[in-house]
Amino acid sequence: MLDGGNGTAGAYLRIIDVTKTFGAFQALKNVSLTVEEGEFVCFLGPSGCGKTTLLRAIAGLDPQTSGRIIQANQDVSLLPPSGRDFGIVFQSYALFPNLTVAKNVGYGLESRKAKRAEIDKRVRELLEMVGLADQAHKYPGQLSGGQQQRVALARALATSPGLLLLDEPLSALDAKVRMHLRKEIKELQRRLGLTTIMVTHDQEEALTMADRIVVMNKGVIEQVGTPGEIYREPDNRFVADFIGQMNFLPGTVVGDARVRLGQVQFRHRGTREALQPGATVTLGVRPEDVVVNGGTPSEEDNSFPARVADLDFIGNFFRARLAADCLDGMIIAADLSSGVVRDCGVEPGRPLAVSLPQERIRVFPAD
Amino acid sequence: MSDTGAAAAASVTVRRPKVAGEALVTWTSLAALALFLLVSMVLPLYALLSKSFEDRSGAFVGLANYAAYVTNPALFQSIGNSLFIALLSTAITTVLAFLFAYGLSRTCIPGKALFRAIAAIPILAPSLLPGIALVYLFGNQGMLKSWMMGESIYGPIGIVIGMVFFTLPHAVMILYTALSLADARLYEAAQVLGAGRLKTFLTVTLPGARYGLISTILVVFTLVITDFGVPKVIGGRFNVLATDVYKQVVGQQNFEMGAVVGMILLLPSAIAFVVDRLIQRRQVAQFSSRAVPYAPKPRRGTDLVYLLICLVISGFLIGILGVAGFASMVKYWPYNLSLTLAHYDFTAVDPDGWRAYFNSLKMAALTALIGGAVIFSGAYMVEKGRGWGWLRGIVQLMAMVPLAVPGLVLGIAYIFFFNHPANPLNGLIGTMAILVLCTIVHFYTVSHLTAITALKQIDPEFESVSASLKVPFYKTFWRVTVPVCLPTILDIALYLFVNAMTTVSAVVFLFSARTKLAAVSLLAMDDAGATAAAAARPMRIVYTSAVARALHALASRLLQRQTHAWRKR
Ligand SMILES: Nc1ncnc2c1ncn2[C@@H]1O[C@H](COP(=O)(O)OP(=O)(O)OP(=O)(O)O)[C@@H](O)[C@H]1O
Ligand SMILES: [Mg+2]
């Protein structure tokens, strides 16, 4: 499924066939992945899918049961964490409570035989970088959550590691601070050109921050791609369901790039693997991709007649539930802009022509 | 996949882990700790076990010693005596402690903090103190001898009273915790369902405290059956297992028989230990995080009754201590009761007593210092060490064993092991070193568990962060873990100090003329020795423990003030 081990020129980190077991339980099953130099990658998936386990294997904190990890063309699979090159920020931040902010940030520098003055200078630089220059002499317990997070980040960056690992760094913060820090971290990462892996279970976070997203589920990688790819072209039903919302409609394959739902045939872009006619499939379409108009429905443009079952005002858009008799009474959710609702006169009970754009339809084998 | 992997491998250098300083430190310290516990605990216990199967010449004789024991009526009778004493004392202590703890946790009586402090008094004293106080009161020269109505205090009556005094604080502590963890919602439910007070007590209170009760009964029973101080001082001719061990080993030099009695003594403690572990595992699940803490409401009649009960029990505890304290300050017991501090003047009277006292002080200080350091760092390696899971598991297991071994048994195990002519360590017998060693091991488990609990509360990722910053873990241990855990380390040191000051059972076999300890020196005190000067001996221990406690409180307060900037409470 994945182009795991191929050695692209810029590949900084290669995870090859990594498996991790806890007793009889397999937390990671043959996971392979390549991370480019300077890339921001997010591990995204539901709770317990193995994101943290994979991150900790990369750090050497909980070594993999089998498989290899290659960082900067060096096989580090057997090295303890202290032999590897990374900085890490935990969800709890793990700041040393009895040391000041400055001492926390300078902690990794002290042992490197650097001169006192140099350390102080570097600490000041780092604290300025995260906007905490005036907090240097406070203790972590005297800072807000967002500030603590930034101290942890500065501490992780102090030794200029080649790889930054972040395990749900923002999940302990409230929504507003989180939004702000997302931008800040992303900007910092881009400025430093630092290869970064962040674990999150917040899809919005992943979509806004990541260059590429690794969607995980039950110890395997379901899909790797840019946020756009993951969102628009989910490889499978799990990914489609986990990220954003999607209508899943049962249908039957009738031919090349054609499926039938109820009495209506739809054309779609085709699937990677050819499907046998007669096979049952699931047709997926996102609510915001559903188009309504006042015209006459025709199979030529993938449209069919439906009735507005109900309409909810969400704020900046409307969520309509459309019932189609010709689709055996299936209900399709559609997100409609206020303009469309006004122009087409959408209201409960109103008959409409609904079309599912060919380009926007995903077809998944039924499970 | 495999071929692309192979192609990529061409330019990849495989980095082998160097045997780094850190790994070496982890391994050596864990191995050293395992070796320490092996030599200071496992091997001695093994020596005890094998001794019980050997004859005098060291030849294996199977169960012959046990058979000899069972067929010797004088010895065999002690089992019955011990059980009788243990059951009776356990019943009395449990009932008293339950009432006391109930008063403290479930009623609105005044002075709860004071009552709790009073309940802790006996911990400061050696277990021989109640025996001595009883001698002063009801002994042949006793002030209140007439109260005995012709019965003798020397025997079961004295032993049981002394045991109740000595075990009460432990029982109160457990039951108070159990009764404090009540879920108010259950009481509201009972009220809504119209249950009367007795029914509520039987269906809510008792079941809620059942694990605490079982735990109390086990702890008290074990303490009583293995305690040696009380029956030694006040047991008279009433033989129990603990005094038998002493007589066999020290009196008659019959090591084989001593070993058999030791093995028998090990049994109840071992059983109690296992049962208690199982129970504690359950109790955690019992009290859910959504429970609403129970807050007692004033009820005049009930409160009054419990106030009286608490006053009487406190009176008993203070009375016993007070008698010894008073006796130590009168001119000539019981004939001239005018007060004096002369018995505390150390060179003038009782130079032996003072020598023993300073030995005790030194032993307790060394135990607190060395024991605190070894036990805390050991707990750190077990809890936070990276790798060598099996070794950490073994150390953790061994660290739990001392709780199941009565001091008396540990003491004779030490003699058998260290006295063996072939043991290269046999020069240790009679030295301060072996007393400290034995005492550290004796009180290892509780200290270890305290340390583990504190370590579990600090962020598990300190070591990970430290590794990512290339700072060796031992540096982070010193710079972060130790300062953060300092209050706990002080608690452990105090616990070790006070116990080392008061302990008798293990060290009674190991001292020499030069290293005689204060608590041990009390053993020699019988009726003839019940002089005012002699009463100053146990009181010196009590005062020292109390001062240690006060210093500990002061140090904790100062520490708190100094670190309040970063310590959130
Ligand atoms: N030390 C361990 N022993 C046993 N099972 C473990 C251990 N650590 C993790 N697991 C299991 O491995 C699976 C993956 O855990 P992991 O922590 O990687 O999940 P996650 O994707 O990070 O989830 P979350 O979003 O909740 O943090 C879980 O089912 C977890 O129960
Ligand atoms: Mg996680």
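The following refers to the structure shown. (Residues numbered from 1 in each chain as written. Chains lettered and ligands numbered in written order. Predicted model: local features only at pLDDT ≥ 70, side-chain atom pairs only at ≥ 80, totals over all residues. Heavy atoms only, no water.)

## A look at the overall build of chain B
Selection rule: By the criteria applied, helices consist of DSSP H or I runs no shorter than four residues and strands consist of E runs no shorter than two, each listed in order from the N terminus. The reference for a compact globule is 2.2 Å times residues^0.38; the radius of gyration itself is calculated from the C-alpha atoms. Throughout this description, buried means an accessible area under 20% of the type-specific maximum (1.4 Å probe, protein chains only), exposed means over 50%, and partly exposed covers the range between. Contacts between residues were defined by any pair of non-hydrogen atoms, one from each residue, lying within 4.5 Å. Surface accessibility follows the Shrake-Rupley procedure with a 1.4 Å probe radius. Residue values consider only the protein chains on display as shielding. Positive: Lys, Arg. Negative: Asp, Glu. His and the chain ends are not part of the count. To locate a charge, take NZ of a lysine, CZ of an arginine, CG of an aspartate or CD of a glutamate.
Counting its regular elements, chain B contains 23 helices and three strands. Computed over C-alpha atoms, the radius of gyration of chain B comes to 26 Å, within 12% of the 25 Å expected from 2.2 N^0.38 for 569 residues, which places it in the range of a compact globule. Across its three principal axes, chain B shows a C-alpha extent of roughly 100 × 75 × 50 Å. For chain B, the proportion of its 569 residues judged to be buried stands at 52%. Put simply, of all contacts in chain B between residues at least 6 apart along the chain, 80% involve residues at least 24 apart. Split by element, the accessible area of chain B, about 25,700 Å² in all, is 68% carbon and sulfur. Distance between charge centroids for chain B: 8 Å, based on 43 positive and 22 negative side chains.

## Considerations on the pairing of strand 19 (residues 351-355) of chain A
Residues and elements named next belong to chain A. Put simply, the rule is: We treat two strands as partners when DSSP finds at least two bridges between them.
For strand 19, a buried count of four out of five residues is recorded, marking the element as mostly surrounded by other parts of the structure. Alignment of strand 15 (residues 291-293) against strand 19, held across three bridges, turns out to be antiparallel. Following the sheet pairing, N293 is matched in strand 19 by A353. With five bridges joining them, strand 16 (residues 303-313) and strand 19 adopt antiparallel strand pairing. What sits directly across from R307, in strand 19, is P351.

## Some thoughts on the sheet that holds strand 3 (residues 40-44) of chain A
Residues and elements named next belong to chain A. Let me state the cut-off plainly: Simply put, an axis is a line fit to the C-alpha atoms, just over the touching stretch for a helix, and the angle between two N-to-C directions goes from 0 to 180 degrees.
Taken together, the six strands give an open sheet; going across it, the order is 6-7-8-3-9-10, and neighbouring strands pair in mixed fashion. Strands at the two margins of the open sheet, each flanked by one partner only, are strand 6 (87-89) and strand 10 (220-225). With strand direction ignored, the average angle separating the axes of adjacent strands in the sheet is 15°. Across five bridges, the pairing between strand 3 and strand 8 (residues 195-200) is parallel. From the neighbouring strand, C42 faces strand 8, where its bridge partner is M198. Most of the contacts of helix 1 (residues 51-59) go to strand 7 (residues 163-167), to which it runs at about 150°, and overall it touches strand 3, strand 7, strand 8 and strand 9 (212-217).

## Points about the site of ligand 1
All names here are of chain A. So the rule is basically this: Residue proximity to a molecule or strand is established when one non-hydrogen atom of the residue lies within 4 Å of it. Any N or O atom pair separated by 3.5 Å or less is treated as a polar contact, with the protein-specific requirement of one donor-capable and one acceptor-capable atom, and with residues adjacent in sequence counted only for side-chain atom pairs. Basically, the charged four are Asp, Glu, Lys and Arg, the nonpolar ten are Ala, Val, Leu, Ile, Met, Phe, Trp, Tyr, Cys and Pro, and anything else, Gly included, counts as polar.
Around ligand 1, the surrounding shell consists of F22, F25, A27, S47, G48, C49, G50, K51, T52, T53, E168 and H201. Measuring from an oxygen atom of ligand 1, one finds a backbone N or O atom of C49 at 3.1 Å. Between ligand 1 and T52, the relevant distance is 2.5 Å, taken from an oxygen atom to a side-chain nitrogen or oxygen of the residue. For ligand 1, whose unbound accessible area comes to 630 Å², protein coverage reaches 59%. Elements represented by at least two residues in the shell around ligand 1 include exactly strand 2 (25-36) and helix 1. It is helix 1 that provides the largest number of residues to the shell around ligand 1, a total of three residues. Partitioning the shell around ligand 1 into residue classes produces four nonpolar, six polar and two charged.

## Brief notes about a nonpolar patch on the surface
Residue and element names in this part refer to chain B. How we decide: Residues enter patches when they are more than 30% accessible in relative terms and free of salt bridges; like-charged ones are connected within 9 Å and nonpolar ones (Val, Leu, Ile, Met, Phe, Trp, Tyr) within 5 Å. Basic side-chain nitrogens of Lys or Arg form a salt bridge, by our definition, when they fall within 4 Å of a carboxyl oxygen of Asp or Glu.
A cluster of nonpolar residues, L35, L38, V42 and L43, forms a patch on the protein surface that exposes about 290 Å² of accessible area. Counting through the fold element by element, L38 comes out in helix 2 (residues 21-51). Overall, L38 belongs to the partly exposed group, its relative accessible area being 33%.

## Details of the interface of chain A and chain B
At the junction of the two partners, chain A supplies 43 residues and chain B supplies 33 residues. Linking chain A with chain B are two salt bridges. A salt bridge links B:E461 to A:R56, with the nearest nitrogen and oxygen atoms 3.0 Å apart. Elements that contribute at least two residues to the side of chain A that touches chain B include exactly strand 4 (66-71), strand 5 (74-75) and helix 2 (101-110) of chain A. In terms of residue count, helix 2 of chain A provides more of the side of chain A that touches chain B than any other element does, four residues in total. Grouping the amino acids of the side of chain A that touches chain B by side-chain chemistry returns 17 nonpolar, 16 polar and ten charged. Alignment of strand 5 of chain A against strand 1 (residues 13-14) of chain B, held across two bridges, turns out to be parallel. For A:D75, the partnering residue across the bridge sits in strand 1 of chain B and is B:V14.

## Topic: the side chain of A:S355
Secondary-structure assignment places A:S355 in strand 19. Residue classification places A:S355 among the buried residues on the basis of a relative accessible area of 10%.

## Points about helix 3 (residues 116-129) of chain A
Residue and element names in this part refer to chain A. Short version of the rule: Multiplying one less than the number of residues by 1.5 Å gives the expected span of a helix. It is the directions from the helix axis to the C-beta atoms whose arc is reported.
Across its 14 residues, helix 3 extends 20 Å between first and last C-alpha, which sits within 8% of the 20 Å expected from 1.5 Å per residue. Every buried residue of helix 3 is listed here: I119, V123, L126 and L127. Angularly, the buried residues of helix 3 cover 95° about the axis, an arc narrow enough to put them on a single face. Exposed side of helix 3, more than 90 degrees from the buried face: A117, K121, R124 and E128 are the residues found there. Residues of helix 3 that are buried sit in contact with helix 2 and helix 4 (145-157).

## Focus: the nonpolar core
To keep things clear, this is the line we draw: Residue types Ala, Val, Leu, Ile, Met, Phe, Trp, Tyr and Cys, when buried and joined through side-chain atoms within 4.5 Å, form a set referred to as a nonpolar core.
Residues A:F43 and B:F509 are the most contacted members of the largest nonpolar core, which totals 194 residues. The leading source of residues in this core is helix 21 (residues 473-502) of chain B, at 14 residues. Not counting residues up to four positions away in its chain, the partners in contact with A:F43 are A:L33, A:K51, A:L54, A:L55, A:I58, A:I197, A:M198, A:V199, A:T200, A:V214 and A:M216. Counting residues in hydrophobic clusters, the runner-up holds 43 residues, among them A:C42, A:L109, A:V130 and A:A206.

## Points about helix 12 (residues 241-251) of chain B
Residue and element names in this part refer to chain B. With eight of eleven residues buried, helix 12 is to be regarded as a mostly interior element. Those residues of helix 12 that sit buried are L241, A242, T243, D244, V245, Y246, Q248 and V249. Residue Q253 follows helix 12 closely and has a positive phi angle near 55°.

## A word on the packing of helix 2 of chain A against helix 21 of chain B
For the record, the criterion: Our angle categories are set so that under 35 degrees counts as roughly parallel, over 145 as roughly antiparallel, 65 to 115 as roughly perpendicular, and the remainder as oblique. Two helices that cross are described as forming a left-handed crossing if the nearer one is turned anticlockwise from the farther one by less than a right angle, and a right-handed crossing if clockwise.
In the contact formed by helix 2 of chain A and helix 21 of chain B, the axes pass within 13 Å of each other and the chain directions differ by 155°. The angle between the axes of helix 2 of chain A and helix 21 of chain B places the two elements in the roughly antiparallel class. Crossing hand, helix 2 of chain A versus helix 21 of chain B: right-handed. Contacts between helix 2 of chain A and helix 21 of chain B involve A:K103, A:Y107 and A:E110 on the former and, on the latter, B:K475, B:T476, B:R479 and B:V480.

## Quick word on the packing of helix 16 (residues 389-400) of chain B against helix 19 (residues 444-456) of chain B
Residues and elements named next belong to chain B. Closest axis-to-axis distance for the helix 16/helix 19 pair is 8 Å, and the angle between their directions is 130°. Taken as axis vectors, helix 16 and helix 19 run oblique relative to one another. Mapping the contact onto sequence places Q396, A399 and M400 in helix 16 and Y444, T445, H448, L449 and I452 in helix 19.

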